[in-house]
Amino acid sequence: MISMWRTGLAYLRLSNTLTGVQHRGLGTASFLLNKLLMKSVEHSPEQKMVSITWQNGTSNRYPYIYLRDNCQCTECFFEESSQRLLDIVKDVDVNVKPNKVEISDDQTKLSIIWPDGHISLLDAEWLFQKRLSEETESETKSCEGVTTRKVTLWGSEFKDHVPHMKFEDILNDEEVQFNWLNSLYRYGIALVTDTPVQEGQLEKLGNLVGYLRMTAYGKTILVSTRLKANSVAYTSHTLPLHSDLPYYECKPGIQLLFCWEQIPTKGGANTLVDSFHVAQQLKKEDPHAYNLLTKTHVLFRHSGADILGEYDFEGARPLLEVDHHGRLLRCNHNEGTRQCFLGVPANKTQEMYEAYYSLTKRLKDPKNMFVHKLSPGEIVVFDNDRVLHGRTGYTLTENVGRCLESAYIDWDVARSKLNVLGKKLNKGPVARMDSTLSVTHPWTAA
Ligand SMILES: [Fe+2]
Ligand SMILES: [Zn+2]
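Residues numbered from 1 in each chain as written. Chains lettered and ligands numbered in written order. Predicted model: local features only at pLDDT ≥ 70, side-chain atom pairs only at ≥ 80, totals over all residues.

The chain appears in an unreviewed UniProt entry as Gamma-butyrobetaine dioxygenase from Porites lobata. As its UniProt record puts it under Sequence similarities (unreviewed entry), the chain is described as follows: "Belongs to the gamma-BBH/TMLD family." Annotation of the chain in UniProt includes, under Pathway (unreviewed entry), the sentence "Amine and polyamine biosynthesis; carnitine biosynthesis." (UniProt positions renumbered as here; feature names shortened; annotations may be inferred.)

Which parts of the structure should I look at to understand the confidence of the model for the chain?
Low-pLDDT portions of the prediction should not be read for the details of their coordinates. Of the residues in the chain, 86% have a pLDDT of 70 or more, and the chain-wide mean is 87. Below pLDDT 50 for its whole length, residues 1-33 participates in 37 contacts with residues either more than four positions away or in separate chains. (pLDDT = per-residue confidence, 0-100. Contact = placed C-beta atoms within 7 Å.)

What is the right way to look at unusual backbone geometry in this model?
With glycine set apart, most residues show a phi of negative sign, and most peptide bonds adopt trans. Of note in this structure, Lys 48 is not a glycine but carries a positive phi near 55°. Relative to the helices and strands, Lys 48 resides in the loop between strand S1 (38-44) and strand S2 (49-54). Unlike most non-glycine residues, Gln 107 shows phi in positive territory, near 65°. Relative to the assigned elements, Gln 107 resides in the loop between strand S6 (100-103) and strand S7 (109-113). You can call Gln 107 partly exposed: it has 15 C-beta atoms within 10 Å. (Helix = DSSP H or I, 4+ residues; strand = E, 2+ residues; numbered from the N terminus. Buried ≥ 20, exposed ≤ 12 C-beta atoms within 10 Å, placed from the backbone.)

How should I be thinking about the sheet that holds strand S15 (residues 270-274) in this particular structure?
The strands that make up a sheet are held in pairs by hydrogen bonds between backbone atoms, and each pair lies either parallel or antiparallel. An order of S13-S23-S15-S21 is seen for the four strands of this open sheet, with the pairing classed as antiparallel. Since the sheet does not close on itself, it has two edges, and those belong to strand S13 (239-242) and strand S21 (369-372), each with one partner. On average, each strand axis in the sheet is tilted by 20° relative to the strand beside it, whichever way the strands run. Both S15 and S21 contribute to a ladder of four bridges, which runs antiparallel. (Pairing = 2+ DSSP bridges. Axes fitted to C-alpha atoms, helices over the stretch in contact; angles between N-to-C directions.)

Help me out: how do you make sense of the pairing of strand S17 (residues 309-318) in this one?
Residues in a regular strand point their side chains to alternate faces of the sheet. Direction of pairing for strand S16 (residues 297-306) relative to S17: antiparallel, over a ladder of 10 bridges. By the bridge assignment for S17, Val 298 is matched with Arg 317. Taking the residues between adjacent antiparallel strands as the criterion, S16 and S17 are bridged by two residues.

Structure (C-alpha cells):
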C-alpha cells in the first residue's frame, strides 16, 4: 500500500509547497486549510502509518503510535494547560493498530477507532500543524539555516534600523510590548528610549516580562568606573566583543544595558555584532573551523568578589553551541574569561587556534559590527546568546563620568511572554521551534 503513497521527488516537490505555506505563518496556513480539507485517507498496517491526502493533492504520513499518543480527547489530554494525561507505556501497545480510520463528511476531522474501543477525533488543522517531515526532507533541511529559530540576521548596515520603542509605551501598551519582545527574538536586539534616569526602571521591564535574573553580581549591576575594579567592565579600558557569563551553566539569555550617564568625549560607545550572522559566514567560508568550534569545549573561569561575597566560577561549553542538527543555539565568545580548549592534544592545538582566529577575525570585521553610543535614558536590550557586545575605551575627566545599569532576563520567561502576547493579540505563538523547519531570513534595508 505504501507504493500508492506519494514518495520521492513528487513528494518533495509537493511538501515544499506546504513548507512555503508555513514560512508565511500559521495564519496563512489556517486560511489555506479552509480550502485544504482532507480528501482521502489510507492506512498501511505493514508500515504502521496513516497517509492523509489533502484537497490540493499533497500528502502527509502519520505513524499509528504517533496519532494514538497525541489523542486530543479529554481522557488523554488536559487542554487548559496543554498537558498529556495519557500514560502511553502503561495504556498503549507500541505496535497499536487502529480498527477503523475515516474522514468526517465535512472533511475537517479524522476519526480513529482503536482496538480497545477508544476513539480519537483529530482536526484537519491540528493534523496539518503536527505533520512530520520525510527523511529525505529532514536531510535537506538540516543543511539549511544556521539556527532552528525564525530569526533575521544582520551586519553593520543594521545600525540605523535597530527597532526602538519608548519605555512608557512598552509599560502601557501590549502591542508595543509584543513588538519589543518580537524584535528581540527576531533581530536579537531592541533599543528602549526615553527611560526616566532613576533607579528601578530595569525592574519594571523585568517584572513586565516575568522577573529579572539574579546573578552573583546582584539583580541589577552598576557599570561605572570603579577605583578597585573586579572586572575590566568597571575600568575605562576597551572591552572586546563578548557574551556575558559563559561560565554559568544556565547562562542568562537577555541583557539590558541602561545608560544613566555618558561621557561627552570620545569613546564609551557599545560595539554590537550578530554572531549568528558571522557563524553563518564561517560555516560557508571555513567549514572545518566551524566544525571544530562547535565540537570543542572551552573552559571559562572567573573569580573575585562582589555584593554577595567571594565567587569562583568555572564552566565549559563550545564557542559555537549547536543542537543535534548542528544548528546554532549560542555563541559563547568571551576573550577575558577564556582559559583553554579542553581535551585538545598538543598536535591539534595549532589547528584549534587557527579556527578560533578564523571566527574572531570575522566577529571583529567592521562589515559585521556597528557602534552605538548610548545616551542617558536609552536601554539597549540584546540576546546574550547571539549578539556580542563590547565597548570602546575612554578617558575619564574630573567632572564627567560614565554610568550604566545592567540586568538580565532569562529567555524562558521572555519567549513565554512573547507567545502569550502573540496569542492575545491574534498574532499567533511566534516564539516556537518547529520540528520540520529551519529559517534564517537575510535582512535587507527597506
Ligand atoms: Fe558584558
Ligand atoms: Zn483519547
